[in-house]
Amino acid sequence: MLFSLRFRSFALLPLALTLLSCSAKTSGSATGGSSAADAKTFMDQAEAELNKLSVADNRAGWVHETYINDDTDFLAAQADDRLIARTTELVKESARFDKTELPADLRRKFLLLKLSTNMPAPADPKLREELTQLASGLSGTYGKSKYCPTPANCLGQEGVEKAMAKSRDPKELTDLWVGWHKISPPMRDRYARFVELSNQGAGELGFKDTGTLWRSNYDMAPEAFSAELERLWSQVEPLYKELHAYTRTRLKAKYGAAATREDGMIPAHLLGNIWAQEWGNIYDLVAPASAPATYDLTKILAARHTDAKQMTTYGETFFKSLGFEPLPPAFWTRSQLTRPADRDVVCHASAWDVDGDMDVRLKMCIQGTGEDFVVVHHELGHLFYDLSYRKQPYLFRGAANDGFHEAIGDTIALSITPEYLKTIGLIQQVPPPAADIPILLRRALDKVAFLPFGLLIDKWRWQVFSGEVKPADYNTAWWKLREKYQGVAAPVARSAEDFDPGAKYHIPANTPYARYFLAAIYQFQFYRAMCREAGYTGPLNRCSFFGSEAAGKRFKAMLELGQSKPWPEALKQMTGEDKADANAMVEYFAPLLVWLKEQNKGAATGWTVASK
Ligand code: X8Z
Ligand code: ZN
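Residues numbered from 1 in each chain as written. Chains lettered and ligands numbered in written order. Predicted model: local features only at pLDDT ≥ 70, side-chain atom pairs only at ≥ 80, totals over all residues. Heavy atoms only, no water.

Quick look at the overall build of the chain now. Across its full length, the chain carries 23 helices and 6 strands. Here the chain has a C-alpha radius of gyration of 24 Å; the compact-globule value for 612 residues is 25 Å, and the two agree. C-alpha atoms of the chain, sized along the principal axes, occupy 75 × 55 × 45 Å. Per-residue burial for the chain yields a buried fraction of 61% across its 612 residues. A fraction of 79% describes how many contacts in the chain between residues 6 or more apart in sequence connect residues 24 or more apart. In the form shown here, the chain has an accessible surface area of approximately 22200 Å², with 53% of it arising from carbon and sulfur atoms. Mean positive and mean negative side-chain charge positions of the chain (73 and 74 charges, respectively) differ by 2 Å. (Helix = DSSP H or I, 4+ residues; strand = E, 2+ residues; numbered from the N terminus. Rg over C-alpha atoms; globule rule 2.2 N^0.38 Å. Buried < 20%, exposed > 50% of the residue type's maximum accessible area, 1.4 Å probe, protein only. Contact = heavy atoms within 4.5 Å. Areas by Shrake-Rupley, 256 points an atom, 1.4 Å probe, with all protein chains shown as cover. Lys, Arg positive; Asp, Glu negative; His and termini not counted. Charge placed at Lys NZ, Arg CZ, Asp CG, Glu CD.)

See below:
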C-alpha cells in the first residue's frame, strides 16, 4: 500500500502509469474523439473511476498496515494492481489529447494523471503483479521486523528508537544499531528486482527511470529540481557544519575513544536515533553547561499521564485555534493511535485520507514522548491539508508539491514555544530569554541535523534507479553519501552483504524522501509568513501563532488550493515569495549560529571522507 493511494497523504502519491495493454476494458469515455469537450468528458469519467479504485486501495492498504499477514499482503497488492492497471490504461488513452488545446486547469489534470505514480509498473500484467506483490511484501517485511536483544525481549522500530534515544552505553548502542540493521539484508534482492520492474514501467511511460519520474513532479524540469535542492543545501550547509563540530566535541567529552575518529566523522550510533537523522534525543549530552534549565516535555507528559488521545487532542486544538473545523468523529473511531498488542502493524507514523472526503485517519504507535508530541502535529498537518482540499476534483486533491504536505504540521509545531506550552498549561513558567540558546540548540538538533539526511536518501535512490549504482554497490554507495553529507560513519564494518538503506522505512515503503528535505526548509518560510500575519514582530524563534485566525485564514487559503496550481503560486499566496528560500531557517537559527561559532573557536570543523 505504499504507492497507490492518491489520497494517502503522507507518503505516497502514487500509482503507476504504464501502458497496460492487457485489459480489455476501456473507460466509458473512450469515444475516440479528441476535442476539448471530449477531453473534459474523458477526464471527468477518469477521475470518478480512479476515485473509486483509490478508496478501495486505501481501505485494503489500511487493513494491511494495521494487521500484517499473508492475506492482507495479498489483498493490498491486488488493490494496488487494480488501481495501477487502470491508471496506466487511462494515461495511455489520454495521449490522444496531447495536441488538443485545453484550458489550463484541464491540461494540468492530464499532466498530474501522468505523474500520479511513485511506482510506475510494466505493461505486462505478470510483471505488474510481481511488482505490486514485491512492494506490498517489502512493506510488510519492514513492518514485521524486530530486533530481539533477548528471546523474551523483541523490539519493533519504535522500541529500538526508544532504546537508542535513552541509552548512553556505547556497547548497548552498537548492539541496538547492528541488531536493527539485520532486518534489511533479506530485502536486498527483492528491492533490486523492484527497482528493475519499476524502471521498466517508467521507461514505458517515456521517463528515463523512476527517479526521473519522481523529479518531474515539481512544476519544473527534473534537472532544475536537482539544482534547486543543491541551492537550498548550500544555504544551510554552513549551519550544519557548525552544529556537527560542536556535537562532535561534546560526544568526545562524554564517550572518549568511542566517539573519536581520525577523519572527524561522528559514529552513527551515538546520536540518539537509529539513522542519526535527528539528534534531539541527545540534547542532555550537548546542553550548554551554564544555561538556565528549560523543560523536558517527555517528563512533563509522563508526569501528567497524557495518553495518546490527549496528545492528539492537543494537536487538534491548535488547528481549531486557527479557525479549522474539528476532526470528523470517524477520525476518533477509525484511527490507530497506539500499537495493538496482538498483531503486527506498520508502526511508522502515517496519515490517511481514505475516501478523499471526511474519512481521515492517523496510524501511529504513540508512546507519549515529547518527540511523539511533535509527530502528532506533523501527522495532523497532513489530515487538515486533506480536509482543506477535499472539495477539489480528484486530481487536484494533493499538496502543491509533496514537500508542502510534509511541511504543514511542522509549521504548526514550530509554534510549540515555551509561551505556548504555558498557555495550554503544560509548563508553569516561561524560561528567561537566556534560555533561548538551549531551546534553539534543542530544536537545531532535530531540524538542522536532519537536512543532510533528508537530502541524501533520494540522492542514493536516484543513483539506484538510474543504474549508476548496481545492487552489489548499494551499501557502499549509501555510506559514501552518509559520510559525505552527514559526516557520520557506520559504527562497525559494513559489507556488500548488508543493505543498510533497507533499515529505513521509506526505502522498503518506496516513499520518496526529497519531500522531507524540502519540508524542513519550507516550514520556516511558512512559519515566518504566519508570524507576520499574526502581527508578531519579535525574534522569530519566540513566535507562536496559536489562536491567530488571521494566520489561519492565510494558511487555509493555501491548503484549499490543493494541487490545482503550480507550487510557486501556492507559496506566493501564502508567503508573498515565489521561491523556496532557506533564509527563513537561517534567520530563525541566527543567534545559535553565532553561539556555535563561539563554541567551535579554535577547533576544526568538517571531516574527511575516505576516497573509495
Ligand atoms: O516519515 C515521516 C513522518 C510520516 S510522513 C513520520 N517523517 C520522516 C521520517 O520519519 O524519516 C517525518 C520526518 C522525516
Ligand atoms: Zn509526513
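After that view of the structure, there is still more to cover.
Glancing now at the coordination of the zinc ion (ligand 2). Six octahedral donors around a metal ideally make angles of 90 or 180 degrees; four tetrahedral donors ideally make 109.5 degrees. Taken together, His378 (NE2), His382 (NE2) and Glu406 (OE) make up the protein donors of the zinc ion (ligand 2), found 2.0 to 2.1 Å from the metal. Metal-centred angles of 90 to 130° between the 4 donor atoms at the zinc ion (ligand 2) mark the site as tetrahedral. The exposure class of His378 is buried, given its relative accessible area of 12%. Overall, the relative accessible area of 0% leaves His382 in the buried class. (Donors = N, O, S within 2.8 Å, 3.2 Å for Na, K, Ca; no water. Tetrahedral: all angles 85-135°; square planar, octahedral: opposite > 155°, others 65-115°.)

Under the counting rule described, the total for this entry stands at 3 disulfides. Across a sulfur-sulfur distance of 2.0 Å, Cys148 and Cys154 are joined as a disulfide pair. Because the torsion about its S-S bond is 105°, the bridge between Cys148 and Cys154 counts as right-handed. Exposure remark for Cys148: the relative accessible area of 34% places this residue in the partly exposed category. (Disulfide = S-S within 2.5 Å.)

By size, the foremost hydrophobic cluster in this structure holds 185 residues, and its most contacted members are Tyr191, Phe404, Trp460, Phe545 and Phe589. No other element matches the 17 residues that helix H17 (residues 436-466) contributes to this core. Apart from residues lying up to four places away in sequence, Phe589 is in contact with Leu239, Leu440, Arg443, Ala444, Lys447, Val448 and Phe524. (Core = buried A, V, L, I, M, F, W, Y, C linked by side-chain atoms within 4.5 Å.)

What follows deals with the side chain of Arg443. Of note, Arg443 is situated in helix H17. Buried charged residue Arg443 carries no salt bridge. Nearest counter-charge: Asp446, at 7.1 Å. Within polar-contact distance, the side chain of Arg443 engages the backbone oxygen of Ala413 at 3.0 Å. Within the structure, Arg443 has its side chain in polar contact with the backbone oxygen of Ile416 (distance 3.4 Å). Those residues in contact with Arg443 that lie beyond four places of it in its chain are Ala413, Leu414, Ile416, Val448, Tyr588 and Phe589. (Salt bridge = Lys/Arg side-chain N within 4 Å of Asp/Glu carboxyl O. Polar contact = N/O pair within 3.5 Å; in protein donor to acceptor, adjacent residues only side chain to side chain.)

Our focus in this paragraph is the pattern of salt bridges. Pairing is possible between side chains that carry opposite charge, provided their charged atoms lie close to one another. If you walk through the whole model with that rule in mind, you get 37 salt bridges. As a salt-bridge pair, Asp357 and Arg390 come within 3.3 Å of each other at their nearest N and O atoms. Remark: Arg390 occurs in the loop between helix H14 (370-388) and helix H15 (402-413) and Asp357 occurs in the loop between strand E4 (350-353) and strand E5 (360-363); sequence separation between them is 33 residues. Classification of Arg390 as partly exposed rests on a relative accessible area of 25%. Arg542 is paired through a salt bridge with Glu419; the nearest N and O atoms lie 3.1 Å apart. Remark: Glu419 occurs in helix H16 (residues 418-423) and Arg542 occurs in the loop between helix H19 (514-533) and helix H20 (549-561); sequence separation between them is 123 residues. Overall, the relative accessible area of 21% leaves Arg542 in the partly exposed class. What makes Glu419 partly exposed here is its relative accessible area of 27%. In the salt-bridge network here, residues are joined through shared partners; they are Glu49, Arg86, Glu89 and Glu93.

Quick look at the confidence of the model for the chain now. Counting all residues, the mean pLDDT for the chain is 93, and 95% of those residues have values of 70 or more. Of the regions scoring below 50 in pLDDT, residues 1-6 engages in 51 contacts with residues more than four places distant in sequence or in other chains. Note that pLDDT drops below 50 for residues 9-30; the model gives that stretch 112 contacts with residues more than four away or on any other chain. (pLDDT = per-residue confidence, 0-100.)

On to unusual backbone geometry. Notably, His305 is not glycine yet its phi reads approximately 55°, a positive angle. Structurally, the position occupied by His305 is in the loop between helix H11 (297-303) and helix H12 (308-321). By relative accessible area, which is 67% here, His305 ends up exposed. Phi at Asn510 is positive, roughly 55°, even though this residue is not glycine. Relative to the helices and strands, Asn510 resides in the loop between strand E6 (488-489) and H19.

Turning to its location among the elements, Ala79 is positioned in helix H2 (residues 70-94). The class of Ala79 is buried, set by a relative accessible area of 10%. Residue contacts for Ala79: discarding those within four places in its chain leaves Ala56, Asp57 and Ala60.

Applying the stated criterion to the full structure yields 47 aromatic pairs. Ring plane angle 65° and centroid distance 5.7 Å describe the contact between Tyr314 and Phe373, whose orientation is recorded as edge-to-face. With Tyr314 in helix H12 and Phe373 in helix H14, this residue pair connects regions lying 59 residues apart in the sequence. Here Tyr314 matches Phe373 in class, with each residue buried. (Phe/Tyr/Trp six-rings, centres within 6.5 Å; stacked < 30°, edge-to-face > 60°.)

Let us now look at the side chain of Asp263. Along the chain, Asp263 falls in the loop between helix H9 (222-255) and strand E3 (266-267). On the accessibility criterion, Asp263 (18% relative accessible area) is buried. A distance of 2.7 Å separates polar atoms of two side chains, one belonging to Asp263 and the other to Arg261. If sequence neighbours within four positions are ignored, Asp263 has contacts with Trp607 and Thr608.

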